[in-house]
Amino acid sequence: MAGHSQFKNIMHRKGAQDAKRAKQFAKVIREITVATREGMPDPAMNPRLRAAISAAREVNMPKDTVERAIKKASGAGGGDDYTEVRYEGYGPAGVAVIVEGLTDNRNRTASDVRAAFSKHGGSLGETNSVSFMFSRLGVITYPLDAASEDDLIEAGLEAGAENVETVDGMHEVTCQVESFFAVRDALESRFGEPASAKLDWRPSNTVELDEEKARSVFKLIDTLEDHDDVQAVYANFDLPDDVAEKLSA
């Protein structure tokens, strides 16, 4: 289990808890708010908002909740103002960690993230202190029955994608950040809405963890992910199959 997919596995471990669901909704609403204010309230004219709405569908957010969030963000006063932030550092066992967030108080968020790293055996670094070990990519996934791999490869390459492969039982299309919205829209027009479409940090190399170190790393990631201001956490760890099985038991 590579670090770039740890978010999915954490979500699997933590299950469908009501509190977790509420946090998911709150995080997606923040992204909808920022996307709406950054562009237009019409998803057809706002690629980032379309991506946020796609993320809302992934967590089964009701359509009326999405519409209310867009309406609130586009109205006068529009609620809280959020700023995009990114933090980088090292966790236990030298695992590189990237934290992305949306906050209405930079000082509070930075202090809380720093405290989380310190409490769990890590250290917060400067911006770009670990991101050079990752690649920033657009990632679009489709169920296997949505299209053949050959058709996806043809359509993806024509739209500007770099790679198409089968990962965890899904077709996965990757592309450069600059091509993300164009590739996603081209695939959606041909194959329908993707299962997911997002920007991701993929590690160039990984640190293999034993069970003890993995548990320490997951404690840090869980703490960060549970913070209201944190949107996503990425790390460059890798778990042997036997360790992954023990952690998911």
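Residues numbered from 1 in each chain as written. Predicted model: local features only at pLDDT ≥ 70, side-chain atom pairs only at ≥ 80, totals over all residues. Heavy atoms only, no water.

### Here's the deal with helix α5 (residues 106-119)
To keep things clear, this is the line we draw: A run of DSSP states H or I qualifies as a helix once it reaches four residues; a run of E qualifies as a strand once it reaches two. Both are numbered from the N-terminal end. Multiplying 1.5 Å by the residue count of a helix minus one yields the expected span of that helix. Contact between two residues is taken to exist if any of their heavy atoms lie within 4.5 Å; hydrogens are not considered. Polar contact criterion, stated in full: a pair of N or O atoms within 3.5 Å, where within protein one must be able to donate a hydrogen and the other to accept it, and residues adjacent in sequence count only if both atoms are side-chain atoms.
When the terminal C-alpha atoms of α5 are compared, their 20 Å separation across 14 residues agrees well with the 20 Å that a helix rising 1.5 Å per residue should span. In this structure, the buried residues of α5 make contact with β1 (83-90), β2 (96-103), β3 (123-124) and α8 (211-226). Its side-chain oxygen 3.2 Å from the backbone nitrogen of N107, N105 forms the N-cap of α5. A positive phi of about 80° marks G121, the residue just after α5.

### Some points on the sheet that holds strand β4 (residues 134-143)
Stated precisely, the cut-off is as follows: Here a strand pair is declared whenever DSSP counts at least two bridges between the two strands. The convention used is that axes are lines fitted to C-alpha atoms, helices contributing only their stretch in contact, and that angles between N-to-C directions extend from 0 to 180 degrees.
Sheet architecture is open: four strands sit in the order β5-β6-β4-β7, paired in antiparallel fashion. Each having just a single partner strand, β5 (163-167) and β7 (196-203) make up the two edges of the open sheet. On average, adjacent strands in this sheet sit at an angle of 35° to one another, irrespective of strand direction. Docked against the sheet, helix α6 (residues 149-159) engages β4, β5 and β6 (170-176), running at close to 150° with respect to β5.

### Structural notes on the sheet that holds β1
Read from one edge of the open sheet, four strands run β3-β1-β2-β9, paired in antiparallel fashion. If you trace the sheet from one side to the other, it starts and ends with β3 and β9 (230-235), each paired once. By the bridge criterion, eight bridges tie β1 to β2 in an arrangement that is antiparallel. In the sheet register, G89 faces β2, and the bridge partner there is V97. Across the sheet, α8 lies against β2 and β9, angled at about 160° from β9, the strand it touches most.

### Some details on the environment of Q176
Here Q176 lies in strand β6. In the structure, Q176 is positioned 17 residues away from E193 in sequence and 20 Å away in space, judged by C-alpha atoms. Every residue in contact with Q176, bar those within four places of it in the chain, is listed here: L137, G138 and E162. Only 2.9 Å separates the side chain of Q176 from the side chain of E162, close enough to count as a polar contact.

### Regarding the packing of aromatic side chains
In plain terms, the rule: Paired rings are identified among Phe, Tyr and Trp, the last through its six-membered ring, by centres lying within 6.5 Å, and are further divided according to the angle between planes into stacked (under 30 degrees), edge-to-face (over 60) and tilted (the rest). Exposure is judged per residue with a 1.4 Å probe applied to protein chains only, and the accessible area is read against the type maximum: over 50% gives exposed, under 20% gives buried, and values in between give partly exposed.
In the structure shown here, the tally under the stated rule is three aromatic pairs. With 5.1 Å between their ring centres and 55° between their planes, F180 and F181 make a pair best called tilted. The exposure class assigned to F180 is buried, which follows from its relative accessible area of 2%. Summarising the aromatic geometry, the rings of F218 and F237 are spaced 5.6 Å apart at their centres and angled 70° between planes, so their arrangement reads as edge-to-face. In this pair, F218 sits in helix α8 while F237 sits in strand β10 (residues 237-238), placing the two residues 19 residues apart along the sequence. For F218, a relative accessible area of 5% corresponds to the buried category.

### A look at the nonpolar core
To keep things clear, this is the line we draw: By nonpolar core is meant a set of buried Ala, Val, Leu, Ile, Met, Phe, Trp, Tyr and Cys residues that side-chain atoms within 4.5 Å join together.
Formed by 23 residues in total, the largest nonpolar core has its most connected members in V97, L224, F237 and L239. Sorting the residues of this core by element identifies β1, β2, α5, α8, β9 and α9 (241-248) as the ones contributing at least two each. In terms of residues, this core owes the most to one element, α8, which gives six residues.

### Digging into the domain arrangement of the chain
Cut-off, in case you're wondering: In this document the domain limits rely on a domain assignment from an automatic tool or a database. In this description, buried area is defined as the sum, over both parts, of the accessible area (probe of 1.4 Å) that is lost when the two are combined. Think of a salt bridge as a Lys or Arg side-chain nitrogen and an Asp or Glu carboxyl oxygen that are within 4 Å of each other.
As far as domains go, the chain holds domain 1 (16-74), domain 2 (83-132 + 205-248) and domain 3 (134-203). Look at where the C-alpha atoms of domain 1 and domain 3 centre, and you get two points 21 Å apart. With seven residues of domain 1 at the contact, the number on the domain 3 side is seven residues. Together domain 1 and domain 3 conceal approximately 590 Å² of surface at their shared face, both sides included; 42% is due to carbon and sulfur atoms. Where domain 1 touches domain 3, the interface holds two salt bridges.

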